[in-house]
Amino acid sequence: MSFSDRSSGRRRTAHAARTALGASALALTLLTTAACGPDNSSADTVATAGAGAAPNIGLPANLEDLKKWKFDDWEKWAKDYALPAAAKGFWTLDKLLKAKPNEPLPPPPAPPAAPPAAPAQPTQAPAQPSQPSQPAQPSQPAKPAQPSQPAQPGQPTAPGAPTAPATTPGKPPAGQPTQPGHPTPPPAPPKPSNTQQPASQAPAPPAQPTQAPAQPSQPPAAPAQPTQAPAQPPAQPAQPPAQPAQPADNGNDPLPKTVNAQPVPHPYTKVAVHGKLFADAPGSGAEAAAGLSHYQCSATVVADPAHPGKSNLVWTAGHCIHQGKGGKYFSNISFIPAFNSTGALSGGKQAEEAQYAPLGIWNATQAVTSPQWKAEGGDGGSPATQYDFAIIRVQPGEGGKSLEEAVGGAVPVWFNAPREQLSITEYGYPAAPPFDGMELNRCESGRPTRLSYDPARPPMHAIGCTMTGGSSGGGWLAVKDGKPALVSNVSVGQHTGDPKFQAGPYLDDVAAGAYDFISKKG
């Protein structure tokens, strides 16, 4: 994967933040907590799994419990949702132009193919002990050819044959470079294994029963062979239980085809809900000495159910406003809708704020992201990116005017949207080469495919798109009831090789819970 992801300074910062919590935090917070709500007593006492265990941060034991969180549960968990607003005039043109593009997160490297081959050898050894039955047959020297037949049942059932396909799943990851940037090498193997294992195992059961009856016709050998017959059938029943899990594709489809991003014509009047998000993250080295680091993302104005027609809510990616595991929220988070709508900054030109921010600069005062991103998020694609979303609330404008009123609209959010009904258009401000971050772009990507790092979580949407860093958090729209609705945002991306694609979280009940929480907090 060739995505640069973040600047080196931010990489070091994120790494330091993640290591502060430690590897045990995730296991204790997402896997061992037994409560449904963050205030449940069992949730508070579960973090006792050995010395040095990280403190529990109040997450439920499983995804289904998290989906059932009510407003009070979210409020008790999201204690840091209130943010200090950026000072008026903080985001000068100089800072905006120097802001680094926040890259879509890169997929992890493919795992090595060698380890799967090791288990195949131990399973072949048990097949050889089936030969000790041959000493029982020397009592019939007249039939030397029959001892070779009992050896044949051992061959179909030899664990080496069923497990040999297990080595083939290891090969596709090794060949993964033929599909540059495939984010989920592990899911690919099950497909070839499904076609090979049934073929090698299906003949085995009928072959053994037919030979086992033939052996009892030899009275002297019968005592030795019955012990083999019972030993072999148990070895076969042990394999079928593992087969039902293998046909699963782990939530992955073939990667989508590349779709070229197209610049949206100026002015952006009809798509003013889309804009640029700027934020400061703690730096390192020289950046730390200077104070903070400036970053840019993309974002979209979304409707506020608790304040219809007067929304101040903006949807973006979790990694655009929060460092993830062991980290904290960024500061000075501000949103500029319809950034550079007139093209005042295009082509390296200089302009006044009223020209490149015709609808104003809106400072965030509240933010919420998913519990998964805060507990697990990092630099690369992972199960945490399947919940890489965030919602911010901005300060009303002068005279109490809402963001939605200033922009002229807001898009609703479509949760649990049926995948087969989606035809996605992505919007964003890509800022990494060959783009410069000054132009709003879109990808008419059509129906998404599925991409997953953890099959226990809803697969992400994946679409072909050539947008680069800076497009992170950009809104993905699909038509619902004849009107556009937001169904995801940019989280993971691959913009080298072919195909070039991006992936965003599937917005399920967890996303709906976070959205409901911040809507009611306004």
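See above for the structure.
Keep in mind it's a predicted model, so treat the numbers as computed, not measured.

Rules behind the numbers
Residues numbered from 1 in each chain as written. Predicted model: local features only at pLDDT ≥ 70, side-chain atom pairs only at ≥ 80, totals over all residues. Heavy atoms only, no water. Buried < 20%, exposed > 50% of the residue type's maximum accessible area, 1.4 Å probe, protein only. Helix = DSSP H or I, 4+ residues; strand = E, 2+ residues; numbered from the N terminus. Pairing = 2+ DSSP bridges. Phe/Tyr/Trp six-rings, centres within 6.5 Å; stacked < 30°, edge-to-face > 60°. Lys NZ or Arg CZ within 6 Å of the ring centre and 35° of its normal. Contact = heavy atoms within 4.5 Å. Polar contact = N/O pair within 3.5 Å; in protein donor to acceptor, adjacent residues only side chain to side chain. Disulfide = S-S within 2.5 Å. Expected span 1.5 Å × (residues − 1). Salt bridge = Lys/Arg side-chain N within 4 Å of Asp/Glu carboxyl O.

Trainee: Before we move on, can you summarise the pairing of strand 5 (residues 313–316) with the specific residues and values?
Mentor: Residues Leu 313 and Trp 315 line one face of strand 5 and the alternating positions Val 314 and Thr 316 line the opposite face, and both faces are buried. Alignment of strand 4 (residues 292–302) against strand 5, held across 3 bridges, turns out to be antiparallel. Looking at strand 5, one finds that Thr 300 is bridged to Trp 315. By the bridge criterion, 4 bridges tie strand 5 to strand 8 (residues 390–394) in an arrangement that is antiparallel. When the bridges of strand 8 are listed, Thr 316 appears paired with Ala 390.

Trainee: Before we move on, could you go through the sheet that holds strand 14 (residues 483–489) and cite the residues and values that matter?
Mentor: Read from one edge to the other, the open sheet built from 5 strands follows the order 2-10-9-13-14, with strand pairing classed as antiparallel. Unpaired on one side and paired on the other, strand 2 (262–263) and strand 14 mark the two borders of the sheet. In the sheet, strand 2 pairs with strand 10 (residues 441–446) via 2 bridges, with the strands oriented antiparallel. Bridge pairing in strand 10 links Gln 262 to Arg 442.

Trainee: Give me the lowdown on the packing of aromatic side chains, citing residues and values where you can.
Mentor: To describe a pair of aromatic rings, you give the distance between the ring centres and the angle between the ring planes. All told, the structure shown has 15 aromatic pairs when counted by the stated rule. Summarising the aromatic geometry, the rings of Trp 69 and Trp 77 are spaced 6.1 Å apart at their centres and angled 55° between planes, so their arrangement reads as tilted. On the accessibility criterion, Trp 69 (5% relative accessible area) is buried. By relative accessible area, which is 9% here, Trp 77 ends up buried. Every member of this aromatic cluster is reached through a ring pair, and the members are Phe 90, Trp 91, Tyr 268, Phe 278, Phe 339, Tyr 356 and Tyr 429. The ring of Phe 339 has Lys 276 lying over it, and the distance from NZ or CZ to the ring centre is 5.0 Å. The ring of Trp 77 has Lys 374 sitting right over it, with the charged end atom 4.6 Å from the ring centre.

Trainee: Account for the environment of Thr 425, naming residues and giving values.
Mentor: Relative to the helices and strands, Thr 425 is located in strand 9 (residues 424–428). According to the relative accessible area criterion, Thr 425 is buried, its value standing at 13%. Separated by 22 residues in sequence, Thr 425 and Arg 447 place their C-alpha atoms 9.4 Å apart. Contacts of Thr 425, omitting those with residues within four sequence positions, involve Arg 442, Cys 443, Glu 444, Gly 475, Trp 476 and Leu 477. Within the structure, Thr 425 has its side chain in polar contact with the side chain of Glu 444 (distance 2.8 Å).

Trainee: Break down the state of the cysteines for me, citing the residues and quoting the values.
Mentor: Should the sulfur atoms of two cysteines be covalently bonded, the bond is a disulfide. A full pass over the atoms with the stated rule returns 2 disulfides. Each sulfur of the disulfide joining Cys 297 and Cys 320 lies 2.1 Å from the other. Between Cys 297 and Cys 320, the S-S torsion sits near -85°, and that sign places the bridge as left-handed. Here Cys 297 is found in strand 4, whereas its partner Cys 320 is found in the loop between strand 5 and strand 6 (331–337), with 23 residues between them in sequence. Across the pair, exposure class does not vary: Cys 297 and Cys 320 are buried alike. Disulfide pairing places Cys 443 opposite Cys 465 at an S-S distance of 2.1 Å. Taking the sign of the S-S torsion, about 75° here, the bridge from Cys 443 to Cys 465 comes out right-handed. Note that Cys 443 is positioned in strand 10 and Cys 465 in the loop between strand 12 (460–464) and strand 13 (475–480), a separation of 22 residues in sequence.

Trainee: I'd love a proper account of helix 17 (residues 509–521), names of residues and values included.
Mentor: With 13 residues, helix 17 extends 18 Å from end C-alpha to end C-alpha; this agrees with the ideal 18 Å at 1.5 Å per step. Val 510, Ala 511, Gly 513, Ala 514, Tyr 515, Phe 517, Ile 518 and Ser 519 are the residues of helix 17 that are buried. If you check the start of helix 17, you find a side-chain oxygen 3.0 Å away from the backbone N of Val 510, and it comes from Asp 508.

Trainee: Tell me about unusual backbone geometry, and please be specific about residues and values.
Mentor: Put simply, His 266 and Pro 267 share a cis peptide bond, and its omega is -10°. Here Pro 267 lies in the loop between strand 2 and strand 3 (274–282). Omega for the peptide link from Pro 433 to Pro 434 comes to 10°, which places this bond in the cis form. Residue placement: Pro 434 occurs in the loop between strand 9 and strand 10. Within the chain, Asn 416 stands out as a residue other than glycine whose phi angle is a positive 55°. The residue Asn 416 is located in the loop between helix 16 (403–407) and strand 9 in this model.

Trainee: With reference to specific residues and values, describe the pattern of salt bridges.
Mentor: Enumeration over the complete set of coordinates arrives at 12 salt bridges. Among the ionic pairs, Arg 450 bridges to Asp 253, the shortest N-O distance being 2.9 Å. With Arg 450 in strand 11 (residues 449–451) and Asp 253 in the loop between helix 12 (224–235) and strand 2, the pair connects residues that are 197 residues apart, well separated along the chain. On the basis of relative accessibility, which here comes to 24%, the residue Asp 253 falls in the partly exposed class. We note a salt bridge from Glu 405 to Lys 310, for which the minimum N-O separation is 2.9 Å. Remark: Lys 310 occurs in the loop between strand 4 and strand 5 and Glu 405 occurs in helix 16; sequence separation between them is 95 residues. Residue classification places Glu 405 among the partly exposed residues on the basis of a relative accessible area of 34%. Each of Glu 64, Lys 67 and Asp 508 takes part in one network of salt bridges that share partners.

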